[in-house]
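Listed here are the chains, written in short residue letters.
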Amino acid sequence: MAILIAEEKKQFNWLPFLIIGIFLFVAGIGSYLLFFTETPLIEKIVPSSQRIVSDISKVNSDTFKNDLSSTKKELQTKIRQSIGGSAGGAITNPGRSNPLLPF
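Residue positions are given per chain, counted from 1 along the sequence in the order it is written. Local features in this predicted model are restricted to residues whose pLDDT is 70 or higher, and side-chain atom pairs enter the listing and the counts only when it is 80 or higher, whereas totals over whole chains, interfaces and linings include all residues. Side-chain metrics in this entry use all non-hydrogen atoms of the structure; hydrogen atoms and water are not considered.

Thoughts on the overall build of the chain
- Here a strand is any run of E in DSSP of at least two residues, a helix any run of H or I of at least four, and the numbering for each starts at the N terminus. On a plain count of helices and strands, the chain comes out with four helices and zero strands.
- Start at the N end of the chain and walk to the C end: the helices and strands fall as α-α-α-α.
- Burial classification: accessible surface area is computed with a 1.4 Å probe over protein chains only, and a residue below 20% of its type maximum counts as buried, one above 50% as exposed, and the rest as partly exposed. Among the 103 residues that make up the chain, the fraction classed as buried is 0%.

Considerations on the confidence of the model for the chain
- Confidence per residue, as judged by the predictor, is encoded in pLDDT with a range of 0 to 100. Counting all residues, the mean pLDDT for the chain is 77, and 64% of those residues have values of 70 or more.
- Between the elements of the chain, mean pLDDT differs from a low of 61, seen in helix H3 (residues 53–57), to a high of 94, seen in helix H1 (residues 15–35).

Looking at the packing of aromatic side chains
- Note on aromatic pairs: the rings of Phe, Tyr and Trp (six-membered ring only in Trp) are paired at centre separations within 6.5 Å, and the planes decide the class, stacked below 30 degrees, edge-to-face beyond 60, tilted for the rest. According to the stated counting rule, one finds four aromatic pairs in the structure shown.
- Feature note: the residues Phe12, Trp14 and Phe17 constitute an aromatic cluster, connected by ring pairs.

As structure tokens, this is what we get:
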């Protein structure tokens, strides 16, 4: 009698191919739905009274210029007050003559 010694054949692993196949299937369905179908459901659900984005983004130029000029004037007055004080005079307490001397 002869003794036959042989390695056991490995079975083919289908799991990686199954995972890649499912991923490609989902990517294909997603790209089809994204590029080739009609508008998404959310655009049909939004009420018709909703404003269009272009209408919302329009700014009345006259109102914007008036607001901008008034804001600029307010900032200028605040800067003038903080630089020169309320009376616009010199600083009343300049500090010590030699700040490095001990107390």
